[in-house]
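Structural overview for review
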Amino acid sequence: MAEPRLTGLGPVVAPHTRLLILGSFPGVASLQAQQYYGHPRNQFWPLMSALLGQDLVGLPYEQRLAALLTAGVGLWDVYAACERQGSLDADIKAAEFNDLPGLLAQLPQLKGIAHNGAESARGRRFTEGLGLPVFKLPSTSPANASWSFERKRAAWEMAFKACL
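Residues numbered from 1 in each chain as written. Predicted model: local features only at pLDDT ≥ 70, side-chain atom pairs only at ≥ 80, totals over all residues. Heavy atoms only, no water.

A separate point is unusual backbone geometry. Generally, phi is negative for residues other than glycine and the peptide bonds are trans, each holding for most cases. The residue Gln-34 is not glycine, and still its phi comes out positive at about 55°. Counting through the fold element by element, Gln-34 comes out in the loop between helix H1 (28-33) and helix H2 (44-52). With a phi close to 50°, Ala-94 is a non-glycine residue in the positive phi region. Within the secondary structure, Ala-94 sits in strand E5 (residues 93-97). (Helix = DSSP H or I, 4+ residues; strand = E, 2+ residues; numbered from the N terminus.)

Structure, rendered in structure tokens:
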């Protein structure tokens, strides 16, 4: 049986975005909710709360996004579309890349790109040629249980300090 062709989410950015966080491709829960990092066990929103010093987890999704944008943080994914059953990055097939150069042309204050996890970081061959610092960060996915929350926070904090 062929995997379904899936389309990702649009970018969440503003002209003053200074750090662009790139995931690989939204999981099933995120696609169903049409929200970045929609899986309840994904540590992205608790991590952003810790790094920005405000509780984003308790906010409605649109307010979470507004808080990120206010802080200069943008979101998107490396892949625009792919074929995949389930949510695992390892199952991504026939991936189509997002137009990162086109997006970056709209972000004059961008200081860096952060890849959320290993699959996203496979796109570094494209992002490293864009003339900005590129950070490979540990995945916030519940599948990345080998890293503690504090270890992830420390790694992510370096990118935040460099760009925000």
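Across the sheet, four strands lie side by side as E3-E2-E6-E7; this open sheet has parallel pairing. Looking at the sheet topology across the chains shown, the edges are occupied by strand E3 (73-77) and strand E7 (134-137). Shown here is a sheet whose adjacent strand axes are inclined to one another by a mean of 25°, direction ignored. Sheet analysis places strand E2 (residues 19-23) next to E3, joined by five bridges and oriented parallel. (Pairing = 2+ DSSP bridges. Axes fitted to C-alpha atoms, helices over the stretch in contact; angles between N-to-C directions.)

For the rest of this paragraph, the subject is helix H3 (residues 61-71). Among the residues of H3, those classed as buried are Tyr-61, Arg-64, Leu-65, Ala-67, Leu-68 and Ala-71. For H3, the buried positions fall inside an angular range of 160° around the axis, keeping them on one side. Along H3, the residues that are exposed and aim more than 90 degrees away from the buried face are Glu-62 and Thr-70. Among the structural elements, H2 and E3 are those in contact with the buried residues of H3. Positive phi shows up at Gly-72, right after H3, with a value of about 95°. (Buried < 20%, exposed > 50% of the residue type's maximum accessible area, 1.4 Å probe, protein only. Arc of directions from axis to C-beta. Contact = heavy atoms within 4.5 Å.)

Here H2 crosses helix H7 (residues 149-163) at 60°, and the two axes come no closer than 10 Å. Here H2 lies oblique to H7, going by the angle between them. For the element pair H2 and H7, the recorded crossing hand is right-handed. Counted together, Phe-44, Pro-46, Leu-47, Met-48, Ala-50, Leu-51 and Leu-52 of H2 and Phe-149, Lys-152, Arg-153, Trp-156, Glu-157 and Phe-160 of H7 form the full contact between these two elements. Residues that form the contact of H2 with H7 fall into these classes: ten nonpolar, no polar and three charged. (Parallel < 35°, antiparallel > 145°, perpendicular 65-115°, else oblique. Left-handed = near helix turned anticlockwise from the far one by under 90°. Nonpolar A, V, L, I, M, F, W, Y, C, P; charged D, E, K, R; others polar.)

This part takes up the packing of aromatic side chains. For the structure shown, the criterion picks out seven aromatic pairs. Each ring, one from Tyr-36 and one from Tyr-37, has its centre 6.3 Å from the other, and the planes form 35°; the classification is tilted. With relative accessibility at 11%, the residue Tyr-37 sits in the buried group. Aromatic rings pair up to connect Tyr-36, Tyr-37, Phe-44, Trp-45, Tyr-61 and Trp-156 into one cluster. (Phe/Tyr/Trp six-rings, centres within 6.5 Å; stacked < 30°, edge-to-face > 60°.)

Further remarks concern the environment of Glu-83. Considering the arrangement of structural elements, one finds Glu-83 in strand E4 (residues 79-83). With 18 residues separating them in the primary sequence, Glu-83 and Leu-65 have C-alpha atoms 27 Å apart. Beyond its immediate stretch of four places on either side in the chain, Glu-83 contacts Glu-3, Pro-4, Arg-5, Asp-91, Ile-92, Lys-93 and Ala-94.

So, on to the environment of Gly-129. By the element assignment, Gly-129 lies in the loop between helix H6 (124-127) and E7. Gly-129 sits in the exposed class, given a relative accessible area of 64%. In this structure the C-alpha to C-alpha distance between Gly-129 and Pro-101, which are 28 residues apart in sequence, comes to 9.6 Å.

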